[in-house]
Amino acid sequence: MVTLSSTEVLNTVVPETGHGNHKEDSPFLSSADADRKTDFYDRNLALFEEELDIRPKVSSLLSRLVNYTNITQGAREHEEAENTETSRRKSPNMGTLMGVYLPCLQNIFGVILFLRLTWIVGTAGIVQSFLIVLMCCSCTMLTAISMSAIATNGVVPAGGAYFMISRSLGAEFGGAVGICFYLGTTFAAAMYILGAIEIFLKYLVPQAAIFHASDHHGGDSAILNNMRVYGTICLSLMAVVVFVGVKYVNKLASLFLACVIISIVSIYAGAIKSVFQPPDFSICMLGNRTLVRDQFDVCSKTVLEGNVTVPSQLWRNFCSSGNMSSPQCDDYFNQNNVTEIQGIPGLASGIIRDNMWGDYLEKGQILEKAGLPSVDVHRAVESVGLYVSADIATSFTLLVGIFFPSATGIMAGSNRSGDLKDAQKSIPIGTILAITTTTLVYFSSVVLFGACIEGAVLRDKFGDAVSKNLVVGTLSWPSPWVIVIGSFFSTVGAGLQSLTGAPRLLQAIAKDNIIPFLRVFGHGKANGEPTWALLLTGLIAELGILIASLDMVAPILSMFFLMCYLFVNLACAVQTLLRTPNWRPRFKYYHWALSFLGMSMCLALMFISSWYYAIVAMCIAGMIYKYIEYQGAEKEWGDGIRGLSLSAYFQVDSHYPRLLTFVSQLKAGKGLTIVGSVIQGQFLDSYGETQASEQAVKNMMEIERVKGFCQVVVASKVREGIAHLIQSCGLGGMKHNTVVMGWPYGWRQSEDPRAWKTFINTVRCTTAAHLALMVPKNVSFYPSNHERFTEGTIDVWWIVHDGGMLMLLPFLLKQHKVWRKCKMRIFTVAQMDDNSIQMKKDLATFLYQLRIEAEVEVVEMHDSDISAYTYERTLMMEQRSQMLRQMRLSSAEREREAQLVKDRHSLIRMGSLYSDEEEEVVEPVADKIQMTWTKEKYEAERRNRNNAPENFRELMSLKPDQSNVRRMHTAVKLNEVIVNKSHDARLVLLNMPGPPRNTDGDENYMEFLEVLTEGLERVLLVRGGGREVITIYS
């Protein structure tokens, strides 16, 4: 004979992170101290009181999850340490504007906009600058779309991008990308500090320079040494500020953002003003060469003092003799005229035509203006220090690497998700709006710079031609100092933010314990501040400071950010293609093709900007990946990459073809299927039957179009065979986590108890193995794969929290075309001490966080008296059990008395087409029994026959056990409510109560389940395995 043991993996390969209940410690749900807890639990839920002993009430679970507040990257730990009571009263209340949009703006706008964008426009021209901005901003926009999908797939705790990637792609990728993101953020701090020092030494206090050039050749090294000294001092001060008071950094963030916004507004104001009144910044040209303006006072070879023409300071710079009659001057100076042109011609000047195309320079090449008359001198250039020249060789790829950091910073919203009132709404809107805003600002800035500023000035990186003014400052209104001071404070603020965020990211990686040598960085001060991580961050940032060149550091951090963004896109694409059960983002405007395009753009930008840096970054990520793999980091959040080759599989049995159909609907046509059967007997005797059974299963799988394997087990007892299947099924590392089992139909009519005893034994086995259990009742009424439900509901009755299986199953079913158009309704039962209105709000919020769309209803079951019907029903149940235990009568008498009890109480039920009572064969009774009669045996048999009516009278006067009465009361009341609300539902999912610890009550347990599900067409009884399968986390 063949029996059923169907097992299913709902979420094996890419499970949702478990942050909830502990696993059950015992194979049986403890019923100890039941009497003591009678008063505690509502009489209406007595049937589930053993579950409630070890699992949370729905109301308390909801309130705890809804009030969950994330500890974000920032000052929350400090604030809690210093003002605990205030922090406790705080609830996440930040909206899209303050929580996501403005922080993203602050992180995206930065040092490159003020210090390098004019130079990029001048060098690359407007057209190619447009292309650079378009490439970088398209890359971050596509990444933001992928990130929005991942971020709205649950709560993203501190760690931001690291957390998202590690939970999507596994510990190895998560660790590698987390380290890349950490290094990018750390080098960003170095870049911001270098930018601040550049503004300080070049434009604010030039006289503060410690090192000075002895000649023009030593100028570069003197500048770099000054940057190193001041950069180290600035980094040390910032690290002290972060160490002492993180909360002050966050409180000053709005001030730094105001500086950025004021600076940008002043640029637009200056551009508009330049139409009517261009600012007066003239530049001096010798021939077509640009001169350093602060080396002389008058842009002329001679000046008139009184009535006498005398050499100007410019003349004296180019000529060794001040005597005009016999000068020894530079040949180029002699043969070319000095002219003065407007540095900022203004928006109406038409200069935009000259700035459309690029002019890439080699290192040391003098800035020239095309169109001005010039007589070339074919000799080595003399007096190089008097001309404005390029400090580095430029190319399109270099400019891409330098500009890209100004497009980063899009993760600021996801890192603050715990402070947001509605993170799943705010993060996508805020991030995409911030990127759109910054992209428009960059595009308009490119056009304005090209349309207002002379090309030679644009290519002048440090403003030497305009008296060492910040070039973008010359355009601003009312004063260049607005930009200089604003950009200085914004870069200092951005540096502080990076130094605040990077150590927390490292701490999050260290606390996950996937990279053992980083474990020490998970510790910090008593209030959670990552002291050791801050120290390491400072040391790595110092390496960036020692490089001392903004243009050299920018491509390095571009690599690390691009690597991070690449994997964000990969994570989104993989999850979308796999259609994993935990992938339920609320953000719908994404597609795997967009993610792949974003991933390709990231890879292309890495190699465009610097192919050797790209290889180094990929090698670092690869080494970390292999290290984590070698260390064997196993985390509960699974691995999406392995999910590409291994998907969920199912195990079903040939005894119920419709059950195989139902299981295939649950897995929506994905993964492997393992079909299992149990044959009773000895393996040596049943080999032929095993082969035949295996072939029958394969034929059935072909009919149902299910791909997979079958597994046939021969065992002396059916229950042992099922236990073997539960323990041993699987393919390598893929193990089932759910058992699907048929209902033992006709168990009441059967005199043989083995059918329902096998059923209950399997329930206990699954509990002992920490597996979830599903029991479809009336499986013959379940739809085939060819049917379609065009309307109707799937009703979930959530009575006890079981790890979320009840929530996940309807979602999985709705992925299949049969159930797709059904709506989902969730009912939960409010006990006497619960606030049902609050429960409904909490449940709606919880479902929103789970990204599941469903109608919500809370059913109040008032504490009512136990009815006569319930009492009578319990009495019938106990009488039948007692009767079958007592009977030692002949077969005919047993049948007659059992029928008497059945008829009296109208307990006859319609049997199903499928009956598990055929599972085990009852040994045939011989027609004739040979017995040797003694006097003692004869007397005992006669007494037994005389006592039979007496035993029956005792049976009729039996008083039911109060515990059973309460359980029956639960079953009857719940059944009334469920039938009332869900009588027309396409499918009803219901918590399955656990079996009693005492096996004497097994038959009563079967009766409770029958009463609970009476009058329902399709019921799926669900029992969780003690671990979370669905969470609010990403």
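Residues numbered from 1 in each chain as written. Predicted model: local features only at pLDDT ≥ 70, side-chain atom pairs only at ≥ 80, totals over all residues. Heavy atoms only, no water.

## Re the overall build of the chain
Then, in step 1: Scanning the chain for helices and strands turns up 34 helices and 17 strands.
Then, in step 2: When the accessible surface of the chain is split by element, carbon and sulfur atoms take 56% of a total near 43100 Å². (Helix = DSSP H or I, 4+ residues; strand = E, 2+ residues; numbered from the N terminus. Areas by Shrake-Rupley, 256 points an atom, 1.4 Å probe, with all protein chains shown as cover.)

## Description of the packing of aromatic side chains
Then, in step 1: Counting across every chain of the model gives 25 aromatic pairs.
Then, in step 2: Pairing tryptophan 315 with phenylalanine 333 gives two aromatic rings, centres 5.9 Å apart and planes at 85 degrees, and the pair type is edge-to-face. With tryptophan 315 in helix α12 (residues 313–318) and phenylalanine 333 in helix α13 (residues 331–335), this pair connects stretches of sequence that are 18 residues apart.
Then, in step 3: By relative accessible area, tryptophan 315 is classed as buried at 10%.
Then, in step 4: A residue is classified by how much of its surface remains accessible, and phenylalanine 333, at 0% relative accessible area, is buried.
Then, in step 5: Ring pairing ties together the aromatic residues Phe181, Phe404, Phe561 and Tyr565, which thus form one cluster.
Then, in step 6: Of note, arginine 289 hangs over the ring of tyrosine 332, and the distance from its end group to the ring centre comes to 3.7 Å.
Then, in step 7: The ring of tryptophan 119 carries lysine 461 above its face, with NZ or CZ at 4.3 Å from the centroid. (Phe/Tyr/Trp six-rings, centres within 6.5 Å; stacked < 30°, edge-to-face > 60°. Buried < 20%, exposed > 50% of the residue type's maximum accessible area, 1.4 Å probe, protein only. Lys NZ or Arg CZ within 6 Å of the ring centre and 35° of its normal.)

## Here we look at the state of the cysteines
Then, in step 1: Evaluation of the coordinates by the stated rule reveals two disulfides.
Then, in step 2: Through a disulfide, cysteine 284 is tied to cysteine 299; the S-S separation comes to 1.9 Å. In this structure the cystine formed by cysteine 284 and cysteine 299 twists about its S-S bond by roughly 85 degrees; its chirality is therefore right-handed. Of this pair, cysteine 284 sits in strand β3 (residues 282–286) while cysteine 299 sits in the loop between β4 (289–290) and β5 (302–305); the two residues are 15 residues apart in sequence, bridging distant segments of the chain.
Then, in step 3: The disulfide that involves cysteine 319 links it to cysteine 329, with 1.7 Å between the sulfurs. Taking the sign of the S-S torsion, about 105 degrees here, the bridge from cysteine 319 to cysteine 329 comes out right-handed. (Disulfide = S-S within 2.5 Å.)

## So, unusual backbone geometry
Then, in step 1: With an omega of 10 degrees, the peptide bond running from tryptophan 477 to proline 478 counts as cis.
Then, in step 2: Within the secondary structure layout, proline 478 lies in the loop between α18 (471–475) and α19 (480–512).
Then, in step 3: The phi dihedral of lysine 468 falls on the positive side, at around 55 degrees, and the residue is not glycine.
Then, in step 4: Mapped onto the elements, lysine 468 comes out in the loop between α17 (455–458) and α18.
Then, in step 5: The exposure class of lysine 468 is partly exposed, given its relative accessible area of 34%.

## Describing the pairing of strand β15 (residues 855–860)
Then, in step 1: Of the pairings in the sheet, the one linking strand β14 (residues 823–830) to β15 comprises six bridges and is parallel in character. Within β15, the residue paired with phenylalanine 827 across the bridge is glutamate 857.
Then, in step 2: Of the crossover connections in this fold, the one passing from β14 over helix α29 (residues 836–849) to the parallel β15 is right-handed. (Pairing = 2+ DSSP bridges. Right-handed = clockwise from strand over helix to strand, strands pointing away.)

## A few points about the sheet that holds strand β7 (residues 338–342)
Each strand in a sheet pairs with its neighbour through backbone hydrogen bonds, running either in the same direction (parallel) or in the opposite one (antiparallel).
Then, in step 1: With respect to topology, three strands assemble into an open sheet ordered β4-β3-β7, the strand pairing being antiparallel. In this open sheet, the two edge strands, each paired with only one partner strand, are β4 and β7.
Then, in step 2: Pairing of β3 with β4 involves two bridges; the strand directions are antiparallel. Counted as the bridge partner of methionine 285 is threonine 290 from β4.

## Quick look at a positive patch on the surface
Then, in step 1: On the surface, a cluster of positive charge is made up of Arg579, Arg705, Arg788, Lys817 and Arg820.
Then, in step 2: The class of arginine 579 is partly exposed, set by a relative accessible area of 49%. (Patch = residues over 30% accessible without salt bridge, like charges linked within 9 Å, V, L, I, M, F, W, Y side chains within 5 Å. Salt bridge = Lys/Arg side-chain N within 4 Å of Asp/Glu carboxyl O. Lys, Arg positive; Asp, Glu negative; His and termini not counted. Charge placed at Lys NZ, Arg CZ, Asp CG, Glu CD.)

## Re the pattern of salt bridges
Then, in step 1: Applying the stated criterion across every chain yields a total of 14 salt bridges.
Then, in step 2: As a salt-bridge pair, glutamate 340 and arginine 293 come within 3.5 Å of each other at their nearest N and O atoms. Taken together, the residues glutamate 340 in strand β7 and arginine 293 in the loop between β4 and β5 connect sequence positions 47 residues apart.
Then, in step 3: For arginine 293, a relative accessible area of 11% puts it in the buried group.
Then, in step 4: A salt bridge links glutamate 454 to lysine 369; its shortest N-O distance comes to 3.0 Å. With glutamate 454 in the loop between α16 (423–452) and α17 and lysine 369 in the loop between β7 and α14 (396–403), this pair connects stretches of sequence that are 85 residues apart.
Then, in step 5: The exposure class assigned to glutamate 454 is buried, which follows from its relative accessible area of 6%.
Then, in step 6: Each member of the salt-bridge network shares a partner with another, and the members are Arg116, Glu198, Asp391, Lys461 and Asp551.

## Some points on the packing of helix α9 (residues 171–204) against α19
Then, in step 1: Relative orientation of the contacting elements α9 and α19 amounts to 155 degrees, with a least axis distance of 8 Å. It follows that α9 is roughly antiparallel to α19 by the angle criterion. The handedness of the crossing between α9 and α19 comes out as left-handed.
Then, in step 2: Of the residues assigned to the contact of α9 with α19, the class counts are 23 nonpolar, seven polar and no charged. (Axes fitted to C-alpha atoms, helices over the stretch in contact; angles between N-to-C directions. Parallel < 35°, antiparallel > 145°, perpendicular 65-115°, else oblique. Left-handed = near helix turned anticlockwise from the far one by under 90°. Nonpolar A, V, L, I, M, F, W, Y, C, P; charged D, E, K, R; others polar.)

## Some remarks on a nonpolar patch on the surface
Then, in step 1: A contiguous nonpolar surface patch, about 580 Å² in accessible area, is contributed by Leu603, Phe607, Trp611, Tyr612, Ile615 and Met618.
Then, in step 2: Considering the arrangement of structural elements, one finds phenylalanine 607 in helix α22 (residues 592–609).

## Description of the pairing of β14
Then, in step 1: The element β14 is largely enclosed, with a buried count of seven among its eight residues.
Then, in step 2: By the bridge criterion, six bridges tie strand β13 (residues 793–798) to β14 in an arrangement that is parallel. Bridge assignment links valine 796 to a residue of β14, and that residue is isoleucine 826.
Then, in step 3: With respect to chirality, the unit in which β13 leads through helix α28 (residues 805–813) into the neighbouring parallel β14 is right-handed.

## Quick word on helix α5 (residues 96–108)
Then, in step 1: Of the positions making up α5, those classed as buried are Gly99, Val100, Tyr101, Leu102, Pro103, Cys104, Leu105, Gln106 and Ile108.
Then, in step 2: Structurally, α5 contributes buried residues whose contacts are with α11 (246–276), α15 (412–415), α16 and α19. (Contact = heavy atoms within 4.5 Å.)

## Focus: the environment of glutamine 815
Then, in step 1: Within the secondary structure, glutamine 815 is located in the loop between α28 and β14.
Then, in step 2: Take glutamine 815: its relative accessible area is 33%, and that puts it in the partly exposed class.
Then, in step 3: Among the polar contacts made by the side chain of glutamine 815, one reaches the main-chain carbonyl oxygen of phenylalanine 811 at a distance of 2.9 Å. (Polar contact = N/O pair within 3.5 Å; in protein donor to acceptor, adjacent residues only side chain to side chain.)

## Regarding the nonpolar core
Then, in step 1: With 171 residues, the main nonpolar core has Met191, Phe403, Met411, Tyr442, Phe449 and Ile453 as its most contacted residues.
Then, in step 2: Take this core: its biggest share by element is 22 residues, from α9.
Then, in step 3: Ignoring anything within four residues of it in the chain, the contact list for methionine 191 reads Val111, Ile112, Pro405, Leu550, Val553, Ala554 and Leu557.
Then, in step 4: Within the second largest apolar cluster, 91 residues are counted, among which are Val740, Met807, Leu813 and Ile852. (Core = buried A, V, L, I, M, F, W, Y, C linked by side-chain atoms within 4.5 Å.)

## Description of the packing of helix α24 (residues 657–666) against α28
What describes two packed helices is the angle between their axes and the distance between those same axes.
Then, in step 1: At their nearest, the axes of α24 and α28 sit 7 Å apart, and the two run at 95 degrees to each other. Judged by the inter-axis angle, α24 sits roughly perpendicular to α28. On α28, the residues that touch Phe662, Gln665 and Leu666 of α24 are Leu809, Leu812 and Leu813.
Then, in step 2: Looking at the contact of α24 with α28, its residues break down into five nonpolar, one polar and no charged.

## Quick word on the side chain of serine 595
Then, in step 1: Mapped onto the elements of the fold, serine 595 is located in helix α22.
Then, in step 2: Residues in contact with serine 595, not counting those within four places in the same chain, are Ser146, Asn569, Cys572 and Ala573.

## Some points on the environment of proline 278
Then, in step 1: Tracing the sequence through the fold places proline 278 in the loop between α11 and β3.
Then, in step 2: For the pair proline 278 and isoleucine 344, spaced 66 residues apart in sequence, the C-alpha separation works out to 6.3 Å.
Then, in step 3: Not counting chain neighbours up to four residues away, the residues in contact with proline 278 comprise Lys273, Ile344, Pro345 and Gly346.

## A short note on the confidence of the model for the chain
In low-pLDDT segments, the atomic positions of the prediction should not be examined closely.
Then, in step 1: Summarising the model, the chain shows a mean pLDDT of 77, and 76% of its residues fall at 70 or more.
Then, in step 2: Within the chain, α22 carries the highest mean pLDDT (93), whereas strand β1 (residues 2–4) carries the lowest (33).
Then, in step 3: In this model residues 643–654 is a low-confidence stretch, pLDDT under 50, and it forms 67 contacts with partners more than four residues away in sequence or in other chains.
Then, in step 4: Note that pLDDT drops below 50 for residues 906–930; the model gives that stretch 47 contacts with residues more than four away or on any other chain. (pLDDT = per-residue confidence, 0-100.)

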